[in-house]
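Summary of structural features
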Amino acid sequence: MNHLPELNADSLTGVLQQHPLVLLDFWAPSCAPCLAMLPLLQSLQQRLRQVHIVKVNADDQTGLAENYQVRSLPTLILLQDGVVVGRLQGVCGESQVMALLQPWLEDDIGSRVQLLEQKRFAGRHLLTDDLSFLKRTLDVKPENSRVRALLIHALLDQLKSEFPQPKEALSPIAVLLQVDHFEWLRGPEIQQAQQRFGFIAGSYGDEFDSEIYALLLQENYQLAAEKLLQQLEQQQASAPDTVKRQFLQLIDTLSDRAVAQQLRRRFFSWLNGQN
């Protein structure tokens, strides 16, 4: 099995320049728990392409140990672009180390998110561990709208079927829609999650009939948009502006852009006929 490279104060800068994601293993030759963890770290180094794992002898590299505030051994410190993004102290199992690393491993994120999406589409609620993974990932990658959307849907799935939902039940989900950058809420996946949250929260009052509400809660956005447009086209009087705006927001959630454009053209054709 390959030995982990040793790092010292002189080689630190070069390592950080070559490897965006670095795991520092602070150890000492006299530390039995440190030696017990070594095979696990060697195995992870072989299996994980994206993380560079190095040993730091805390007895010899006292300056590094002090800089990284190492108080006990073993200590694992994860660096992303030279910035500390996580740490573990004491003997850790593989599950604990992977929980530290996974939010930063793009391949693992995409694969696990895909599995969780499939699980949810099969009608199964996500488990506490699944939700914890999504929350950890979002903490370190808040721009990942796919993860944000899946977490919102998963939390909505856990709510009871009552309308509108109590504010205290919705507040943890509402926080996920309060972002620093508007770009994080772009794209069909996150827009669908926003729409579903709005309907479950009762934000649109009584402006939609039960059939459209049911379709939206089932996440059948295309059919809901088609039904809503049919209702608009059949109305003799002009529809409320809120309903018109909601229809336009609804078709923006459709992943099939050709269908969305077709519905948009029908809507503006109807709207022009109202004037």
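So, a few notes on the structure that sits alongside this text. Given the structure is predicted, the values throughout are model-derived calculations rather than measurements. (Residues numbered from 1 in each chain as written. Predicted model: local features only at pLDDT ≥ 70, side-chain atom pairs only at ≥ 80, totals over all residues. Heavy atoms only, no water.)

**Some remarks on the overall build of the protein chain**
- Helix and strand content of the protein chain: 13 helices and four strands.
- Taking 19 Å as the expected radius of gyration for a compact globule of 275 residues, we find that the protein chain reaches 25 Å, considerably beyond that expectation.
- Projected onto its principal axes, the C-alpha positions of the protein chain cover 85 × 35 × 30 Å.
- Per-residue burial for the protein chain yields a buried fraction of 45% across its 275 residues.
- Considering only intrachain contacts with a sequence separation of at least 6, the fraction spanning at least 24 residues in the protein chain is 63%.
- When the accessible surface of the protein chain is split by element, carbon and sulfur atoms take 48% of a total near 14,600 Å². (Helix = DSSP H or I, 4+ residues; strand = E, 2+ residues; numbered from the N terminus. Rg over C-alpha atoms; globule rule 2.2 N^0.38 Å. Buried < 20%, exposed > 50% of the residue type's maximum accessible area, 1.4 Å probe, protein only. Contact = heavy atoms within 4.5 Å. Areas by Shrake-Rupley, 256 points an atom, 1.4 Å probe, with all protein chains shown as cover.)

**So, the nonpolar core**
- In this structure, Val113, Leu126, Leu134, Leu151, Ile152, Leu156 and Phe197 are the most contacted members of the largest nonpolar core, which totals 26 residues.
- Of all elements in the fold, only helix 5 (106-121), helix 6 (128-140), helix 7 (145-157), helix 8 (167-176) and helix 9 (188-200) reach the threshold of two or more residues within this core.
- Here this core gets eight residues from one element, more than from any other, and that element is helix 7.
- Once you skip the residues sitting within four places of it in the chain, Phe197 turns out to touch Leu156, Leu170, Ile173, Ala174 and Leu177.
- Grouped together as the second largest cluster of nonpolar side chains are 23 residues, Phe199, Leu216, Leu229 and Trp270 included. (Core = buried A, V, L, I, M, F, W, Y, C linked by side-chain atoms within 4.5 Å.)

**Here we look at helix 13 (residues 257-274)**
- Look at helix 13: 26 Å from first C-alpha to last across 18 residues, which is about the 26 Å you get at 1.5 Å a residue.
- When helix 13 is considered as a whole, its buried residues turn out to be Val259, Ala260, Leu263, Phe267, Trp270 and Leu271. One face of helix 13 carries all of its buried residues, which in axial projection span an arc of 105°. Exposed positions of helix 13 whose direction lies more than 90 degrees from the buried face are Ala258, Arg265, Ser269, Asn272 and Gly273.
- Residues of helix 13 that are buried sit in contact with helix 11 (221-234) and helix 12 (241-251).
- With a side-chain oxygen lying 3.2 Å from the backbone nitrogen of Ala258, the N-terminal cap of helix 13 falls on Asp256. (Expected span 1.5 Å × (residues − 1). Arc of directions from axis to C-beta. Polar contact = N/O pair within 3.5 Å; in protein donor to acceptor, adjacent residues only side chain to side chain.)

**Section: the pairing of strand 2 (residues 52-57)**
- Among the six residues in strand 2, six count as buried, and that is most of the element.
- A crossover connection joins strand 1 (residues 21-27) to the parallel strand 2 through helix 2 (residues 32-47); in handedness this β-α-β unit is right-handed. (Right-handed = clockwise from strand over helix to strand, strands pointing away.)

**What about the side chain of Asp157?**
- Here Asp157 is to be found in helix 7.
- Other than its neighbours up to four places away in sequence, Asp157 contacts Arg120, His125 and Arg196.

**Observations concerning the pairing of strand 3 (residues 75-80)**
- Within strand 3, five of the six residues are buried, which leaves the element mostly enclosed by the surrounding structure.
- Note: strand 1 against strand 3, six bridges, orientation antiparallel. Its bridge partner lying in strand 3, Leu21 is registered against Gln80.
- Inspection of the sheet shows strand 3 paired to strand 4 (residues 83-89) by six bridges, in the antiparallel sense. Across the sheet, Leu76 pairs through a bridge with Leu88, a residue of strand 4. (Pairing = 2+ DSSP bridges.)

**Some details on the sheet that holds strand 3**
- Reading across from one edge, 2-1-3-4 is the order of the four strands in this open sheet, with mixed pairing throughout. Edge positions in the open sheet fall to strand 2 and strand 4, since each of these has one partner strand only. Taking the axes of each pair of neighbouring strands and ignoring which way they run, one obtains an average angle of 20° across the sheet.
- Contacting strand 1, strand 3 and strand 4, helix 4 (residues 94-101) runs over the sheet at an angle of about 165° to strand 4. (Axes fitted to C-alpha atoms, helices over the stretch in contact; angles between N-to-C directions.)

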